[in-house]
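These are the residues of each chain, in order.
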Amino acid sequence: MRDANGAEGVRDVREVSLEASRDTSRTPLTADEELRCRSVFATEIGAQLARQGWAVFPAHTPEERIRLFAVARIIEQRLGCRVEAVPQDIVSMRFTVAGAAPEVGRAADASGQLPD
């Protein structure tokens, strides 16, 4: 499949019914999509944590906040240290490395990627 710009390898997008989009008790993502989403968020947030020791990420719904708490646990496993995720305001979460040591800033390689 191709996207609007002609790039190949684009996956099919499934529609979410209006009722499902209003249902905040369940995610419109499949279990596989949820795992991939959390992994991507963990990579992005973790790289920023490794560079500067903190990160802020948007979380507009309770479901998104729950997802980001799970992402903090993934980052903890990757970095090997405690990561705190706390609401910064009504629409964002702040991630910090608890007891950040100077070595934490060097956990990412030159490309900003964390080791798996």
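This text goes with the structure placed above it.
Within any chain, residue numbers begin from 1 and follow the written order of that chain's sequence. Local features in this predicted model are restricted to residues whose pLDDT is 70 or higher, and side-chain atom pairs enter the listing and the counts only when it is 80 or higher, whereas totals over whole chains, interfaces and linings include all residues. Calculation of side-chain values draws on the structure's entire complement of heavy atoms; hydrogens and water are dropped beforehand.

### Considering the nonpolar core
Short version of the rule: What makes a nonpolar core is a set of buried Ala, Val, Leu, Ile, Met, Phe, Trp, Tyr and Cys residues whose side-chain atoms join them at distances within 4.5 Å. Exposure classes here rest on a 1.4 Å probe applied to the protein chains alone. A residue is buried below 20% of its type maximum, exposed above 50%, and partly exposed in between. Helix and strand definitions here come from DSSP, where helices need a minimum of 4 consecutive H or I residues and strands a minimum of 2 consecutive E residues; each element is numbered from the N-terminal end. When checking whether two residues touch, look at their non-hydrogen atoms; a contact exists if any pair is within 4.5 Å.
Among the nonpolar cores identified, the biggest contains 16 residues, and Ile-45, Leu-49, Leu-68, Ile-75, Val-83 and Phe-95 are the most heavily contacted of them. With 5 residues, the single largest contributor to this core is helix 3 (residues 62-79). Setting aside residues up to four positions removed in sequence, Ile-45 forms contacts with Ala-55, Phe-57, Leu-68, Val-71, Ile-75 and Phe-95.

### Points about the sheet that holds strand 2 (residues 83-89)
Rule in force here: For two strands to count as paired, DSSP must find a minimum of two bridges between them. What counts as an axis is a line fitted to C-alpha atoms, over the stretch in contact for a helix, and the angles between N-to-C directions run from 0 to 180 degrees.
Strand order across the open sheet formed by 3 strands is 1-3-2, with antiparallel pairing between neighbours. A strand with exactly one partner marks an edge of an open sheet, and here the two such strands are strand 1 (54-58) and strand 2. The mean angle between the axes of side-by-side strands here comes to 25 degrees, regardless of whether they run parallel or antiparallel. In this sheet, strand 3 (residues 92-97) lies alongside strand 2 in antiparallel orientation, the contact comprising 6 bridges. The residue bridging Asp-89 from the neighbouring strand is Ser-92, located in strand 3. Helix-sheet contacts for helix 2 (residues 31-52) involve strand 1, strand 2 and strand 3, and the interaxial angle to strand 1 is about 150 degrees. The sheet strands contacting helix 3 are strand 1, strand 2 and strand 3, and the helix crosses strand 2 at an angle near 150 degrees.

### With respect to the pairing of strand 1
Along strand 1, the buried face is formed by Ala-55 and Phe-57; none of Trp-54, Val-56 and Pro-58, which line the opposite face, is buried. Here 5 bridges tie strand 1 to strand 3, and the two strands are oriented antiparallel to one another. Across the sheet, residue Pro-58 finds its bridge partner in strand 3, namely Ser-92.

### So, the environment of Pro-62
Locating Pro-62 in the fold gives a position in helix 3. Pro-62 sits in the exposed class, given a relative accessible area of 62%. The spacing of Pro-62 and Val-91 is 29 residues in sequence and 9.9 Å in space, taken between C-alpha atoms.

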